[in-house]
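Chain by chain, the residues run as shown.
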Amino acid sequence: MPATEKTVRRSALIASAVLLSTALTAPAALAAPKPTTSPSAVPPARMSTVGGERLGRPGTQVNLAAGVPVLPKELSARSWIVADAESGDVLAAHNAHWRMAPASTLKMLFADTLLPKWPRTTTHRVEPSDLAGVGAGSSMVGVKENETYTVHDLWLGVFLRSGNDAVHVLSAMNGGVKKTVDEMNEHAEELQAGDTHAVSPDGYDAPGQVSSAYDLTLIARSGLQKKDFREYCSTVRAQFPGETKKNKKGKRVRGSFEIQNTNRLLSGDYDVPVYQGIAGVKNGNTTNAGATFTGVAERDGKVLLVTVMNPRKKESNGVYKETARLFDWGFAAAGKVEPVGELVPPKSVEEANAAAGPSASPGQAGGTGTGSKPVASAHTGGGADGMGVAFGIAGGVVVLLAGGTFLVNRRWPLPDLVRRRSRP
């Protein structure tokens, strides 16, 4: 081999070793993979192991055995996860901790953080400054300057139309975008959603804004503990206030217009039927993120969460079709497949469980707490076609501790989950 060629190869090997050493010793913040939609992109070799060691591995993780159905063949998403919403068992996953741009699924974190802030009847007159900074090409519900809206109106705009205008108004009510984003990141840390970093409150593409299928599932699970969250994410259609105008008689009147949920498994589309048992949660689509979606559905007493991020197969409503296939597999596999990991509880719950000790039984904190049964019904609101009835979900007991923290022993019931049925 010529000396020159040997020298080149030796230099390349040294450079590779230096790069590898730098990557292994670099701070986590610098080493974190950037969001990408490049067709040649591959998941990092090392990812977070929150929820279990296997969830940090690249590729598909599932325990196939006799009686366990094989996974659907038509899956092209870069990342996905199927989990039991109550027990937290992860039934199967694919690159679960791959950090990617989340698009509007990040609005689940926004809602879970801000929903407790105001009663739904609170009103707000929109100032021009409230809408400053809404990204070009954003999805909008149609909020108008100098008009007054209730918080209920604004949340419908966030969940049904993924309205970035409604998100910015609520952020302004909360003290501004920066304060809101800071609170979102603090809440993500409390949920142990370590793959998530919010830069914008609405999921609009921004450098460094990332989440993962695992984290989005954690966030959805937390949000579903809130009655208002369950109502809004399961509402198919609603009336939204319009602009105040003068009628033919010169009188100022304000009408309304219908908005429909853009979650196609909930509202249906020409090539996607309503998924039986669907009850939310949130969809998204941006240039960096591609299509993203987290859904929750119930069948025969089982409640599953599925998150799908960035299907590579570009087909109409592809993210919903792949989600439906994973739901079908999950319901068929539930009770048969050995989990590959778990959805971890929030830090405060984990700490409370540790303080309670091993003697605590379901419904008891340290053996002395008082359990409360899940609520049996809830008003869903906004569903113009009358779809859906709220029921309690059996299978566990919750203790409400001081400060509003939930202590759970393994199972985390979803009280009065709004269940969706297919149209007749």
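Procedures and definitions
- Residues numbered from 1 in each chain as written.
- Predicted model: local features only at pLDDT ≥ 70, side-chain atom pairs only at ≥ 80, totals over all residues.
- Heavy atoms only, no water.
- Helix = DSSP H or I, 4+ residues; strand = E, 2+ residues; numbered from the N terminus.
- Buried < 20%, exposed > 50% of the residue type's maximum accessible area, 1.4 Å probe, protein only.
- Contact = heavy atoms within 4.5 Å.
- Areas by Shrake-Rupley, 256 points an atom, 1.4 Å probe, with all protein chains shown as cover.
- Core = buried A, V, L, I, M, F, W, Y, C linked by side-chain atoms within 4.5 Å.
- Expected span 1.5 Å × (residues − 1).
- Pairing = 2+ DSSP bridges.
- pLDDT = per-residue confidence, 0-100.
- Phe/Tyr/Trp six-rings, centres within 6.5 Å; stacked < 30°, edge-to-face > 60°.

For the protein, the count of helices and strands is eleven helices and 15 strands. Within the protein, the fraction of its 424 residues that count as buried is 51%. A fraction of 68% describes how many contacts in the protein between residues 6 or more apart in sequence connect residues 24 or more apart. Entry remark: accessible area of the protein is about 18,700 Å², with carbon and sulfur atoms responsible for 55%.

Counting residues in hydrophobic clusters, the biggest one holds 63 residues, and the most contacted among them are Val-143, Trp-155, Phe-159 and Phe-229. At seven residues, the largest contribution of residues to this core is made by helix α4 (residues 151–161). Once you skip the residues sitting within four places of it in the chain, Phe-229 turns out to touch Met-108, Ala-111, Asp-112, Leu-115, Phe-159, Ala-220, Gly-223, Leu-224 and Val-281.

Relative to the 20 Å expected for 14 residues at 1.5 Å per residue, helix α6 (residues 177–190) spans 20 Å between its end C-alpha atoms, a close match to the ideal helical length. Of the positions making up α6, those classed as buried are Thr-180, Val-181, Glu-183, Met-184, Asn-185, His-187 and Ala-188. The inward-facing, buried residues of α6 contact α3 (107–114), α5 (164–173) and α7 (213–223). Looking one or two residues past α6, Gln-192 carries a phi angle of roughly 65°, positive in sign.

By the bridge criterion, eight bridges tie strand β6 (residues 237–246) to strand β7 (residues 252–260) in an arrangement that is antiparallel. Each bridged residue has a counterpart across the sheet, and for Ala-238 the counterpart in β7 is Ile-259.

The share of residues in the protein with pLDDT of 70 or more is 75%, and the mean pLDDT across the chain is 81. Contacts for the low-pLDDT stretch residues 1–40, under 50 throughout, to residues beyond four places or in other chains number 25 contacts. Counting interchain partners and residues more than four positions distant, the pLDDT-below-50 stretch residues 418–424 has 37 contacts.

Further remarks concern the packing of aromatic side chains. A full pass over the atoms with the stated rule returns nine aromatic pairs. Ring geometry for Phe-159 against Phe-229: centres 5.3 Å apart, planes inclined by 85°, an arrangement best described as edge-to-face. Here Phe-229 lies in helix α8 (residues 227–234) and Phe-159 lies in helix α4, a separation of 70 residues in the sequence. Residues Phe-159 and Phe-229 agree in their burial class; the two are buried. With centroids separated by 6.1 Å and ring planes inclined at 15°, the aromatic side chains of Phe-327 and Phe-331 adopt a geometry described as stacked. Taken together, the residues span about one helical turn, with Phe-327 and Phe-331 both in helix α10 (residues 318–333) at a distance of four residues. Residue classification places Phe-327 among the buried residues on the basis of a relative accessible area of 0%.

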